Amino acid sequence: MALEELLQTSMRRRHLSPQALADLTGIRTPRIRVFAQDGADGPVHPTTEELAELATALALPLPDVLAAARPRMADRV
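No experiment lies behind these values; they were computed from the predicted model shown.

(A) Structural context of helix H4 (residues 48–57). Among the residues of H4, those classed as buried are Glu50, Leu51, Leu54 and Ala55. Buried residues in H4, looked at end-on, bunch into an arc of 140 degrees, giving them a common side. Among the exposed residues of H4, those pointing more than 90 degrees away from its buried face are Glu49 and Thr56. Where H4 terminates, the next one or two residues include Ala59, which has phi positive at roughly 55 degrees.

Okay, structure coming up:
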C-alpha cells in the first residue's frame, strides 16, 4: 500500500482532517495534505521523523508506514 492510500484510509477511519492531524503531530497542514495526496513520491518528501509522528498519531505500526514510503525513502539513502 502506498503512503497516500495508507494516510487517506487511516485519516478517514479516525475521522481526522489534515488540520486535525497537523494539530496532533506538529507537522504543517500543507505538508500533510501533500503526503495524503501524492504520498512519498510527490514534490514534498516526508522525513523519517514525520513518518514516525504520523504513525504514532494514526496508531499505525511504524514499519508499515516506512514500508509505504519505501520507494522514496530508498532513493534518499
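Now that the structure is up, let's keep going.
(B) Layout of the packing of helix H2 (residues 18–25) against helix H3 (residues 29–38). Running from N to C, H2 and H3 cross one another at 120 degrees; their axes reach a closest spacing of 8 Å. Our classification of the angle between H2 and H3 gives oblique. In this structure, H2 crosses over H3, and the sense of that crossing is right-handed. On the side of H2, the interface is formed by Pro18, Gln19, Leu21, Ala22 and Thr25, while H3 contributes Thr29, Ile32 and Arg33. Class assignment for the residues of the contact of H2 with H3 results in 4 nonpolar, 3 polar and 1 charged.

(C) Quick peek at H3. Burial in H3 covers these residues: Thr29, Ile32, Val34, Phe35 and Ala36. The secondary structure elements touched by the buried residues of H3 are helix H1 (3–13), H2 and H4. Positive phi shows up at Gly39, right after H3, with a value of about 70 degrees.

(D) Representation of the environment of Ile32 within the structure. Looking at the element boundaries, Ile32 is found in helix H3. Sequence spacing of Ile32 and Arg12 is 20 residues, and the spatial spacing of their C-alpha atoms is 14 Å. Every residue in contact with Ile32, bar those within four places of it in the chain, is listed here: Met11, Pro18, Leu21, Ala22, Thr25 and Ile27.

Conventions and cut-offs
Residues numbered from 1 in each chain as written. Predicted model: local features only at pLDDT ≥ 70, side-chain atom pairs only at ≥ 80, totals over all residues. Heavy atoms only, no water. Buried < 20%, exposed > 50% of the residue type's maximum accessible area, 1.4 Å probe, protein only. Helix = DSSP H or I, 4+ residues; strand = E, 2+ residues; numbered from the N terminus. Arc of directions from axis to C-beta. Axes fitted to C-alpha atoms, helices over the stretch in contact; angles between N-to-C directions. Parallel < 35°, antiparallel > 145°, perpendicular 65-115°, else oblique. Left-handed = near helix turned anticlockwise from the far one by under 90°. Contact = heavy atoms within 4.5 Å. Nonpolar A, V, L, I, M, F, W, Y, C, P; charged D, E, K, R; others polar.

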